[in-house]
Amino acid sequence: MADRDTDVQAADIEDDGSYQGPGSKKLDQLSRQGSLSVFRDIDMEDLVKDAQEQQLLSEPKSKSGGLALVTASLALELAGRGHRTMAVSPMYDNFANCSYLSSKTIWLFGWEHEVKYFHMWQPLEVEGTKGVDYIFVDHPCYHRPGGLYYNAQEGVEYADNLFRFALFTLAALEAPCCCAPGGAAYGEKVMFIANDWQSALLPVYLTHRMRPMHRFHQSRCIFIVHNFGYQGIYPCNKLVPNPEGTLPIIIKNVDIDDFGLNDTGAYEHMIYQYPPWERSYHGDDGNVWNLTKGAVMTCDRLLTVSEGYAEEMKTSEGGFRLDELVKQKEFFLSGILNGIDVVTWNPRTDPYLAMQYDFDSMPAGKAACKRQLQEKVGLHVDDNKVLVSFVGRLTTQKGVDIILEATEWMMEDTGNNVTGNIQVLMMGNGDEIYVQGMQDMSRRYPGRFVGISFDPAVEHVMYAGSDFLLMPSRYEPCGLPQMCAQRYGTIPIVTLCGGLKDSVVVEPPEESTGFGILPLEFGKFKEVVYRACDTYFHYPDIFEAMQSRGFVTDFSWCVRIDQYEKNIDWTLNDPPYVR
């Protein structure tokens with residue numbers, strides 16, 4: 001969420017060629033999630049995907065989280081079903097093997113901006129017609145050395161992100177018409193699917209800009225929420241110094257006209273007013289632009305990444321101030337659990353493992369991979385220890401503080417044959433306070449606790465070599481690590497929230513594939529971790545049965561794509577939500 005006092009104004013291109021966009025001063029907070037849009041041609045059953053974070057096959061062109069893996073899998077799976085598929089992403093770097101396709105001039109923030117489209121065709125098979133058209137939107141504002149949408153070194157969001165993603169959304173809306181990969185454009189009979197705040201303006205522009213211009217009348221839009229905690233919030237007003245006095249002056253920061261919109265409906269759909277006790281300064285009216293609110297109000301269908309999270313979005317705790325709007329749209333709300341790439345995450349063929357294994361060879365394979373993991377990260381090589389791991393962003397949302405707080409308890413031998421016999425591996429990047437916490441514990445417990453930055457190669461070995469995976473998230477829309485872990489025979493210990501409770505079975509015991517924490521508090525966390533590790537040491541039959549059930553669980557995209565196609569068909573057959 002951006003600070004509401006931030007200056008966002010139109011600006012010229014700087015002389016050094018590094019375009020900073022409107023108002024390039026710092027914001028106080030950063031937003032971490034990515035965005036996605038999918039388009040589907042009604043007559044030709046074409047699909048176009050606009051992906052803020054997009055992976056090409058196994059290697060991402062731009063990536064900052066699990067959403068990159070999800071959007072890549074969704075594009076490829078839809079193409080595999082025979083849909084013509086286009087994926088559109090900002091051109092964050094000079095990607096190789098791309099060819100110039102076309103350009104478009106877009107009016108935004110009181111200025112004309114030229115965007116260029118570059119194309120890459122990615123076939124699904126060596127000899128075949130199925131594949132994905134990758135379209136990269138090029139503009140100077142997307143070329144930043146510090147990160148996709150925030151300066152990682154300074155820990156702040158780019159001040160012109162509102163401009164950057166409004167421009168990207170408009171460019172993506174035009175892509176089906178002004179881009180003709182293979183000589184054939186997708187046309188205006190399309191359906192858009194936009195995910196998270198970076199693409200949240202897509203249904204707003206479709207409703208309030210395109211349809212009044214008699215364009216895309218047969219189009220529809222699905223909005224997919226991957227994390228409701230990041231909504232794209234920007235100030236309507238700002239404070240500027242007063243040359244004639246000590247009190248600053250309140251002036252307009254961004255108006256509805258700056259978006260290229262001018263009707264009252266668009267203003268009402270996008271505006272959000274904070275209550276008086278949450279306002280920033282004397283005279284603050286509390287009005288902000290909430291991009292996600294605009295998407296919820298204007299999209300034709302609302303999806304999220306698990307059934308559990310769909311329910312949580314309707315609560316005051318999980319709705320982040322938009323729960324009443326979500327409840328109003330409940331008839332058009334569904335949750336579809338994400339899948340994982342079962343080709344990449346496959347212990348039978350994983351090239352990173354010291355020993356590949358299947359169901360029958362799982363005990364020997366996991367033992368070999370456990371020794372491999374211990375050696376690789378610097379843990380003591382000891383088959384008699386239980387190895388508990390964590391992988392993810394180092395944030396409070398992920399419960400990292402609880403893991404670090406419980407480390408001393410896990411390391412201390414109190415004679416119960418459990419604590420004191422636990423090894424901990426934590427891997428990830430994020431908040432500096434938790435990075436320092438990992439480093440402190442690594443120094444305090446050498447060979448028993450290891451904290452390292454994220455490494456994709458180590459992640460494979462971690463899933464194979466660990467006995468348990470910790471995910472004590474305070475909220476988790478879906479989550480992928482718990483699925484990957486079960487695929488490798490590693491048992492997840494999770495908070496029973498969102499997609500975690502949808503993908504990990506904890507009851508009844510004879511069907512369980514993991515352990516659940518509820519409520520998430522320090523004492524309960526220790527209780528569940530102790531019970532899990534006690535099962536490992538003293539009830540091996542129960543432990544191995546849980547491993548086996550998780551190992552054979554189907555986490556592929558096949559069933560999920562069926563559900564996506566049903567929602568696409570339902571949405572196309574309905575009239576627009578806003579008429």
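Predicted, not measured: the structure shown is a model, and the values here were computed from it.

Participant: Explanation requested: helix 16 (residues 558-573) in the structure shown.
Facilitator: Side chains that are three or four residues apart share a direction in an α-helix, a result of its 3.6 residues per turn. Relative to the 22 Å expected for 16 residues at 1.5 Å per residue, helix 16 spans 23 Å between its end C-alpha atoms, a close match to the ideal helical length. Listed in full, the buried residues belonging to helix 16 are Arg560, Ile561, Tyr564, Asn567, Ile568, Thr571 and Leu572. Projection of helix 16 onto a plane perpendicular to its axis shows the buried side chains occupying an angular sector of 130°, all on one side.

Participant: Explain the sheet that holds strand 13 (residues 233-235) to me, please; I cannot follow it from the model alone.
Facilitator: Pairing between the strands of a sheet is mediated by backbone hydrogen bonds and can be parallel or antiparallel. An order of 13-17-16 is seen for the 3 strands of this open sheet, with the pairing classed as antiparallel. Of all the strands in the sheet, just strand 13 and strand 16 (271-273) have a single pairing partner and so form its edges. Averaged over all neighbouring strand pairs, the angle between strand axes comes to 40°, with direction disregarded. Bridging between strand 13 and strand 17 (residues 287-290) involves 3 bridges; their strand directions are antiparallel. By the bridge assignment for strand 17, Tyr234 is matched with Trp289. Lying over the sheet, helix 5 (residues 291-298) contacts strand 13, strand 16 and strand 17, oriented at roughly 60° with respect to strand 17.

Participant: Mind showing me how you'd approach the side chain of Gln486 here?
Facilitator: Among the structural elements, Gln486 can be located in helix 12 (residues 481-487). A residue is classified by how much of its surface remains accessible, and Gln486, at 1% relative accessible area, is buried. Every residue in contact with Gln486, bar those within four places of it in the chain, is listed here: Pro492, Ser503, Val504, Thr513, Gly550, Phe551 and Phe555.

Participant: I tried to follow the environment of Leu325 on my own but got confused; where do I start?
Facilitator: Within the secondary structure layout, Leu325 lies in helix 7 (residues 323-328). A relative accessible area of 18% places Leu325 in the buried class. Sequence-wise, Leu325 and Lys293 are 32 residues apart; in three dimensions their C-alpha atoms are separated by 8.2 Å. Not counting chain neighbours up to four residues away, the residues in contact with Leu325 comprise Lys293, Val296 and Met297.

Participant: Even after reading the chapter, I still don't get helix 8 (residues 362-377), so can you show me in this structure?
Facilitator: Between its first and last C-alpha atoms helix 8 spans 22 Å; for 16 residues at 1.5 Å apiece the expected length is 22 Å, and the two agree. Directly after helix 8, the chain includes Gly378, whose backbone phi takes a positive value near 100°.

Participant: Quick question: what am I supposed to make of the packing of helix 3 (residues 201-210) against helix 5 here?
Facilitator: In helix packing, the relevant descriptors are the interaxial angle and the interaxial distance, both defined with respect to the helix axes. Two elements in contact, helix 3 and helix 5, have axes whose closest approach is 7 Å; the angle formed by their N-to-C orientations is 55°. Viewed along their axes, helix 3 and helix 5 adopt a mutual orientation that is oblique. Seen along the crossing, helix 3 lies across helix 5 with a hand that is left-handed. In this structure, helix 3 uses Leu201, Pro203, Val204, Thr207 and His208 to contact helix 5, whose residues at the interface are Leu291, Gly294, Ala295 and Thr298. Per-class residue counts for the contact of helix 3 with helix 5 are 5 nonpolar, 4 polar and no charged.

Participant: Even after reading the chapter, I still don't get the pairing of strand 22 (residues 449-452), so can you show me in this structure?
Facilitator: When a strand is regular, its side chains alternate between the sheet's two faces. As paired strands, strand 21 (residues 422-427) and strand 22 are joined by 4 bridges and run parallel to one another. Bridge pairing links Leu425 to Val450 in strand 22. Taking the sense of rotation as the criterion, the β-α-β connection linking strand 21, helix 10 (residues 432-444) and strand 22 turns out right-handed.

Participant: Explain the layout of surface pockets here, please?
Facilitator: Once rolled over the atoms, a probe with the size of a water molecule shows which space is left empty. Computed from the structure, the second largest pocket encloses a volume of approximately 350 Å³. The wall of the second largest pocket is formed by 17 residues, among which Pro363, Asp467, Tyr536, Phe543 and Gln547 lie closest to the centre. Elements with a minimum of two residues in the lining of the second largest pocket: helix 8 and helix 15 (540-551).

Participant: Looking at this structure, how should I read the pattern of salt bridges?
Facilitator: Under the defined criterion, the tally for this structure stands at 17 salt bridges. In this structure, the salt-bridge partner of Glu174 is Arg215, at a minimum N-O distance of 3.0 Å. Of the two residues, Glu174 sits in helix 2 (residues 161-178) while Arg215 sits in the loop between helix 3 and strand 12 (220-225), which places them 41 residues apart along the sequence. Like Arg215, Glu174 is buried. Close ionic contact of Glu188 with Arg215 constitutes a salt bridge, the shortest N to O distance being 2.8 Å. In this pair, Glu188 is assigned in the loop between helix 2 and strand 11 (191-195) and Arg215 in the loop between helix 3 and strand 12, connecting sequence segments 27 residues apart.

Participant: How do you make sense of unusual backbone geometry when you look at a structure like this?
Facilitator: The bulk of non-glycine residues show a negative phi, and the bulk of peptide bonds are trans. With omega at -5°, the peptide bond leading from Glu507 into Pro508 counts as cis. Positionally, Pro508 belongs in the loop between helix 13 (498-503) and strand 25 (515-517). Backbone torsion omega between Leu518 and Pro519 reads 0°, so that peptide bond is classified as cis. Along the chain, Pro519 falls in the loop between strand 25 and helix 14 (522-538). Its identity as a non-glycine residue notwithstanding, Asp196 has a phi of 65°, on the positive side. Here Asp196 is to be found in the loop between strand 11 and helix 3. Of note in this structure, Phe320 is not a glycine but carries a positive phi near 45°.

Participant: What exactly am I supposed to notice about the sheet that holds strand 22 here?
Facilitator: Spatially, the 6 strands line up as an open sheet ordered 22-21-20-23-24-25, and their pairing is parallel. Lying at the two open borders of the sheet, with one neighbouring strand each, are strand 22 and strand 25. Each strand of the sheet is rotated relative to its neighbour by a mean of 20°, with strand direction disregarded. Contacting strand 20 (386-391), strand 21 and strand 22, helix 8 crosses the sheet at an angle of about 65° to strand 20. Across the face of the sheet, helix 11 (residues 456-465) comes into contact with strand 20, strand 21, strand 22 and strand 23 (468-471) while running at roughly 140° to strand 20.

Participant: Please explain the nonpolar core as it appears in this structure.
Facilitator: It is characteristic of soluble globular proteins that their nonpolar side chains tend to be buried jointly. The biggest cluster of nonpolar side chains holds 77 residues, and the ones touching the most others in it are Tyr205, Phe259, Met270 and Leu302. A total of 11 residues in this core trace back to one element, the largest contributor, which is helix 2. When neighbours within four sequence positions are excluded, Met270 is seen to be in contact with Leu201, Val204, Ile256, Phe259, Leu261, Val288, Trp289, Asn290, Leu291, Lys293 and Gly294. One finds Ile340, Cys369, Cys478 and Phe551 within the second-largest nonpolar core, a separate group that totals 48 residues.

Participant: Is there a simple way to explain the environment of Glu412 in this structure?
Facilitator: With respect to the helices and strands, Glu412 occurs in the loop between helix 9 (400-411) and strand 21. Taking the C-alpha atoms as reference points, Glu412 and Ile422, 10 residues apart in sequence, are found 9.1 Å from one another.

Participant: Where do I start with the packing of aromatic side chains in this structure?
Facilitator: Here the distance between the centres and the angle between the planes together describe a pair of aromatic rings. Under the counting rule described, the total for this entry stands at 25 aromatic pairs. Ring centres of Tyr272 and Tyr274 lie 5.4 Å apart, and the angle between their planes is 90°; this geometry places the pair in the edge-to-face category. Comparing Tyr272 with Tyr274, the two get one shared label, buried. Taking 5.1 Å as the distance between ring centres and 80° as the angle between the ring planes, the aromatic pair formed by Tyr536 and Phe537 counts as edge-to-face. Owing to a relative accessible area of 18%, Tyr536 belongs among the buried residues under this scheme.

Basis of the calculations
- Residues numbered from 1 in each chain as written.
- Predicted model: local features only at pLDDT ≥ 70, side-chain atom pairs only at ≥ 80, totals over all residues.
- Heavy atoms only, no water.
- Helix = DSSP H or I, 4+ residues; strand = E, 2+ residues; numbered from the N terminus.
- Expected span 1.5 Å × (residues − 1).
- Buried < 20%, exposed > 50% of the residue type's maximum accessible area, 1.4 Å probe, protein only.
- Arc of directions from axis to C-beta.
- Pairing = 2+ DSSP bridges.
- Axes fitted to C-alpha atoms, helices over the stretch in contact; angles between N-to-C directions.
- Contact = heavy atoms within 4.5 Å.
- Parallel < 35°, antiparallel > 145°, perpendicular 65-115°, else oblique.
- Left-handed = near helix turned anticlockwise from the far one by under 90°.
- Nonpolar A, V, L, I, M, F, W, Y, C, P; charged D, E, K, R; others polar.
- Right-handed = clockwise from strand over helix to strand, strands pointing away.
- 1 Å grid on protein atoms, 1.4 Å probe; cavity = no way out; pocket = protein on both sides within 12 Å on 5 of 7 lines; lining within 4 Å.
- Points joined across faces, edges and corners; volume = space filled by probe spheres on them.
- Salt bridge = Lys/Arg side-chain N within 4 Å of Asp/Glu carboxyl O.
- Core = buried A, V, L, I, M, F, W, Y, C linked by side-chain atoms within 4.5 Å.
- Phe/Tyr/Trp six-rings, centres within 6.5 Å; stacked < 30°, edge-to-face > 60°.

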